[in-house]
Amino acid sequence: MMASHVCRTLCGRALIKLQIVENYFLRCVTPLYTVHRQKSSVQFLERPELPKLAYQRLKGKNPGVVFLPGFASDMNSEKAVALEDFCKSLGHSFVRFDYTGRGMSEGVFEECTVGKWKKDVLSVLDDLTDGPQILVGSSFGGWLMFLAALARPEKIAALVGVAAAVDHVVSTFKQLPVEVKKEIEEKGEWKITMKHNKESVYTVPYHAVKEAENHCILSSPVPVTCPIRLIHGMKDEDVPWHVSLQVADCVLSTDVDVILRKHGQHRLTEKEDIKLLTYTVDDLIDKLTTLG
């Protein structure tokens, strides 16, 4: 019998499977792949009047997989590299990239907005992929993957969110005391300390917070109908796990699984976390290949 706790709850429009997974279950799972590391080379996507985007790509079968990193991360994160290895072992295509102003891509980070990074994702989908894609979005990348799915539904086969921070910058800002919000507006910037790494303080321009309001999606039904998997750590202090439940409640898809890691932190980069992520992607590839 599977050593996990599974319950079903009726949340709004869809029947959502909520799965709480403990470490001992994942230790019993046979590794899904053997790493034969051959690094894909860094290339640059040139775009008229827009900064060049650094990316690494493996060509292969569909559905392909595209990794969207978090706000303060890049394409060399543990999750991105592990997924590339996994896709290589299966012979499926894979793309990882840096947003404008991050990693090796051109641009100034302080000038970036949700809208600009959404354009980055769409550029990658339009110019670097062929056929249906599984988007894997980590934290802030989880928000961007939903925006991409709304803009390019014909390209999206499935979505996998890892601590998906949908609308989170805006909702967190709105919860601040009035005097704090006023101070941020006057200074023109908001300094955010990530709780999973208290040494990291990120400055977000106030104009970027206001621009992000244009991209919030959780105030009404979200017309995304593809399979969706939302993995979240219950010990996440940066993006609470109930955000994934809210996302699951809002989307119109009827194929939605919320998977909670009982002891998972925000980054979900422990060995068992990575196993769960690759297992989830593998299950979706198998499902989509069978249906196709």
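What this report covers is the structure whose coordinates are included nearby.

Conventions adopted
- Residues numbered from 1 in each chain as written.
- Predicted model: local features only at pLDDT ≥ 70, side-chain atom pairs only at ≥ 80, totals over all residues.
- Heavy atoms only, no water.
- Phe/Tyr/Trp six-rings, centres within 6.5 Å; stacked < 30°, edge-to-face > 60°.
- Helix = DSSP H or I, 4+ residues; strand = E, 2+ residues; numbered from the N terminus.
- Buried < 20%, exposed > 50% of the residue type's maximum accessible area, 1.4 Å probe, protein only.
- Salt bridge = Lys/Arg side-chain N within 4 Å of Asp/Glu carboxyl O.
- Patch = residues over 30% accessible without salt bridge, like charges linked within 9 Å, V, L, I, M, F, W, Y side chains within 5 Å.
- Areas by Shrake-Rupley, 256 points an atom, 1.4 Å probe, with all protein chains shown as cover.
- Core = buried A, V, L, I, M, F, W, Y, C linked by side-chain atoms within 4.5 Å.
- Contact = heavy atoms within 4.5 Å.
- Expected span 1.5 Å × (residues − 1).

## Topic: the packing of aromatic side chains
- Under the counting rule described, the total for this entry stands at eleven aromatic pairs.
- Judged by centre distance (5.4 Å) and plane angle (75°), the rings of Trp-117 and Phe-140 are edge-to-face. You can see Trp-117 sitting in helix 3 (residues 114-128) and its partner Phe-140 sitting in helix 4 (residues 140-151), a full 23 residues away along the chain. Both residues of the pair, Trp-117 and Phe-140, belong to the buried class.
- For the pair Phe-173 and Tyr-206, a centre-to-centre distance of 6.1 Å together with 55° between the ring planes defines the contact as tilted. Residue Phe-173 is found in helix 5 (residues 168-174), and its partner Tyr-206 is found in helix 7 (residues 206-212); the two are separated by 33 residues along the sequence.

## So, the pattern of salt bridges
- Taken as a whole, this structure holds twelve salt bridges when the rule is applied.
- The residue Lys-52 makes a salt bridge to Glu-46 at a minimum N-O spacing of 4.0 Å.
- For Asp-257, the salt bridge identified is with Arg-229, shortest N-O distance 3.6 Å. Highlighted residues: Asp-257 in strand 12 (residues 256-261) and Arg-229 in strand 11 (residues 228-233), separated in sequence by 28 residues. This pair shows no difference in class: Asp-257 is buried, exactly as Arg-229 is.
- Taken together, the shared-partner salt bridges connect Arg-229, Asp-255, Asp-257 and Lys-287 into one network.

## Some remarks on a nonpolar patch on the surface
- Together, Val-42, Phe-44 and Met-104 make up an exposed nonpolar region whose accessible area comes to about 250 Å².
- Within the element layout of this structure, Phe-44 appears in strand 3 (residues 43-47).

## Remarks on the nonpolar core
- Ranked by size, the top nonpolar core spans 59 residues in total, and within it Leu-68, Leu-135, Leu-144, Phe-146, Leu-159 and Ile-228 carry the most contacts.
- Setting aside residues up to four positions removed in sequence, Phe-146 forms contacts with Leu-159, Val-166, Ile-217, Val-224, Ile-228, Leu-230, Val-247 and Val-251.

## Quick look at helix 2 (residues 78-90)
- In a regular helix each residue adds 1.5 Å, so 13 residues correspond to 18 Å; helix 2 covers 19 Å between its end C-alpha atoms and thus fits that length.
- Considered for burial, the residues of helix 2 that qualify are Lys-79, Ala-80, Ala-82, Leu-83, Glu-84, Asp-85, Phe-86 and Cys-87.
- Looking at the residues trailing helix 2, positive phi occurs at Gly-91, about 80°.

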